[in-house]
Amino acid sequence: MAKKDIDWSSLGFGYMPTDERYVSWFKDGKWDDGALTKDPNITMSECACVLQYAQTVFEGLKAYTTKDGRTVCFRPDMNAKRLAESCRRLEIPEVPEEKFIDAVKKVVKANEAYVPPFGSGATLYLRPFVFGYDSIIGVKPANEFQFRIFATPVGPYFKGGAKPITIRVSDVDRAAPHGTGDIKAGLNYAMSLHNIVDAHNCGFDENMYLDPKTRTKVEETGGANFIFITKDGKLVTPKSNSILPSITRRSLMYVAEHYLNMPVEHREVYFDELKDFAECGLCGTAAVISPVGKIVDHGKEICFPSGMEEMGPYTKKLYETLTGIQMGEIEAPEGWIVEID
Ligand SMILES: *Cc1c(COP(=O)(O)O)cnc(C)c1O
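Calculation notes
Residues numbered from 1 in each chain as written. Predicted model: local features only at pLDDT ≥ 70, side-chain atom pairs only at ≥ 80, totals over all residues. Heavy atoms only, no water. Helix = DSSP H or I, 4+ residues; strand = E, 2+ residues; numbered from the N terminus. Rg over C-alpha atoms; globule rule 2.2 N^0.38 Å. Buried < 20%, exposed > 50% of the residue type's maximum accessible area, 1.4 Å probe, protein only. Contact = heavy atoms within 4.5 Å. Areas by Shrake-Rupley, 256 points an atom, 1.4 Å probe, with all protein chains shown as cover. Lys, Arg positive; Asp, Glu negative; His and termini not counted. Charge placed at Lys NZ, Arg CZ, Asp CG, Glu CD. Near = heavy atom within 4 Å. Polar contact = N/O pair within 3.5 Å; in protein donor to acceptor, adjacent residues only side chain to side chain. Axes fitted to C-alpha atoms, helices over the stretch in contact; angles between N-to-C directions. Parallel < 35°, antiparallel > 145°, perpendicular 65-115°, else oblique. Left-handed = near helix turned anticlockwise from the far one by under 90°. Nonpolar A, V, L, I, M, F, W, Y, C, P; charged D, E, K, R; others polar. Salt bridge = Lys/Arg side-chain N within 4 Å of Asp/Glu carboxyl O. Core = buried A, V, L, I, M, F, W, Y, C linked by side-chain atoms within 4.5 Å. Expected span 1.5 Å × (residues − 1). Patch = residues over 30% accessible without salt bridge, like charges linked within 9 Å, V, L, I, M, F, W, Y side chains within 5 Å.

### Structural notes on the overall build of the protein chain
Scanning the protein chain for helices and strands turns up 6 helices and 17 strands. On C-alpha atoms alone, the protein chain measures out to a radius of gyration of 20 Å, which is about the 20 Å that the 2.2 N^0.38 rule sets for 341 residues. Seen through its principal axes, the protein chain has C-alpha atoms that stretch 55 × 50 × 35 Å. Relative to its 341 residues, the protein chain shows a buried fraction of 52%. When contacts within the protein chain are restricted to residue pairs at least 6 apart in sequence, those whose partners lie at least 24 apart make up 72%. Carbon and sulfur atoms form 51% of the exposed surface of the protein chain, whose accessible area is close to 15400 Å². Counting 40 positive and 48 negative side-chain charges, the protein chain places the centres of these two groups 0 Å from one another.

Right, dumping it as structure tokens:
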């Protein structure tokens, strides 16, 4: 398969339309078979439910070229399950897992020329989403929905190495205790936009959200879960029912325990504990792990011993092992790597 003439190393994390995307319609109570289309545009009513009441959920996953030249996806079944959970919560008809995986395979196959070569550091990012399509003005769910997956090549997340970032403790909350923080819905992001712009204006890379009820426990950032490493090499990651269950974080917990022999704790993490950790990172599909060097709480700084120059040693090991599994250099646990053929 001849690859597109793209300078893979200069790609950022932006949208570049590719040749084909998948579209399936839900009408009259059922999903149609779905098909690929070349049309990147969507035409809809000004009163579409998604525009008026934000009835939409999404996913994010990647396709890679492995060292031996195969095109693969990482754990798409996990994205399928999480999307179904998100759909249930917003009264969107579930996309069956087989349909989701089939659609992922179709989109990657049709855009194989855009899957960056091994070693480029770039990947093909897939964005599955479902939204309420028909006109709704009284508050209720849509009757018609579209499930769509597009693909876009994205560059190496860290150009010139992963430099630790600085995070501030947010004054606003991300998700209510019994709200929608644990589903991947656009509505959780809408509220974060002002706060992230403000954080950047104040010189910070990200916002750390605390639990909204007591504001004593760590939740996550706008789009990534936290991992912490204790001084004796334990992986600690916050547990709360308002955190989005990151597939990267769950994979790192497995890698720590089964590949690196690190004890793993998934539990409530109090903000007061942070000063005792040796390393901190953010995890998600986009960057896998972004190292965090410093957390600022209204002028009070928590500086991790790993510093502001490079990833801490445990974080680096976790990063290298998981990316090695994704790129086919390290043997993967059963079912983690799905080949596109
Ligand atoms: C998508 C997302 C993550 C990361 O999840 P992955 O499955 O690892 O990509 C973390 N937090 C939030 C709020 C998210 O939306």
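### Overview of the site of the ligand
Around the ligand there are 15 residues in total, and Lys-184, Tyr-189, Ser-246, Thr-248 and Thr-285 lie nearest to it. Between the ligand and Thr-285 there is a distance of 2.6 Å, counted from an oxygen atom to a side-chain nitrogen or oxygen. Expressed as a share of its isolated accessible area of 380 Å², the protein-covered part of the ligand is 96%.

### Some thoughts on the packing of helix H2 (residues 76-89) against helix H3 (residues 97-110)
Their axes nearest at 9 Å, the elements H2 and H3 cross at an angle of 130°. Here H2 is positioned oblique relative to H3, judged by the angle of their axes. Every pair of crossing elements has a handedness; the one defined by H2 and H3 is right-handed. Contacts between H2 and H3 involve Pro-76, Asp-77, Asn-79, Ala-80, Lys-81 and Leu-83 on the former and, on the latter, Glu-97, Phe-100 and Ile-101. Residue composition of the contact of H2 with H3, grouped by class: 5 nonpolar, 1 polar and 3 charged.

### Side note on the pattern of salt bridges
A full pass over the atoms with the stated rule returns 24 salt bridges. Put simply, Arg-70 and Asp-68 hold a salt bridge, and the shortest N to O gap is 3.1 Å. Overall, Arg-70 belongs to the partly exposed group, its relative accessible area being 27%.

### Let's talk about the nonpolar core
Membership of the largest hydrophobic core comes to 37 residues, with the highest contact counts inside it found for Leu-126, Val-130 and Phe-147. When contributions to this core are tallied by element, the ones reaching two or more residues are strand S1 (21-27), strand S5 (61-65), H2, H3, strand S7 (123-132) and strand S8 (145-154). Take this core: its biggest share by element is 5 residues, from H3. Listed in part, the 20 residues of the second largest apolar core include Ala-224, Phe-228, Cys-280 and Val-292.

### Section: H2
Its 14 residues give H2 an end-to-end C-alpha distance of 20 Å, which sits within 8% of 20 Å, the value for a rise of 1.5 Å per residue. Among the residues of H2, Pro-76, Met-78, Asn-79, Ala-80, Arg-82, Leu-83, Ala-84, Ser-86 and Cys-87 are the ones counted as buried. Just beyond H2, the residue with positive phi is Glu-91, at close to 55°.

### Quick look at a nonpolar patch on the surface
Side chains of Tyr-53, Ile-137 and Val-139 sit close together on the surface and give an oily, nonpolar patch of about 350 Å² of accessible area. Residue position: Ile-137 is located in the loop between S7 and S8. Ile-137 gets classed as exposed once you look at its relative accessible area, which sits at 64%.

### Comments concerning unusual backbone geometry
For Glu-91, which is not a glycine, the phi torsion comes out positive at approximately 55°. Tracing the chain through its elements places Glu-91 in the loop between H2 and H3. Not every positive phi belongs to a glycine, and Val-288 is a case in point at roughly 65°. Looking at where Val-288 falls in the secondary structure, it is placed in strand S15 (residues 288-297).

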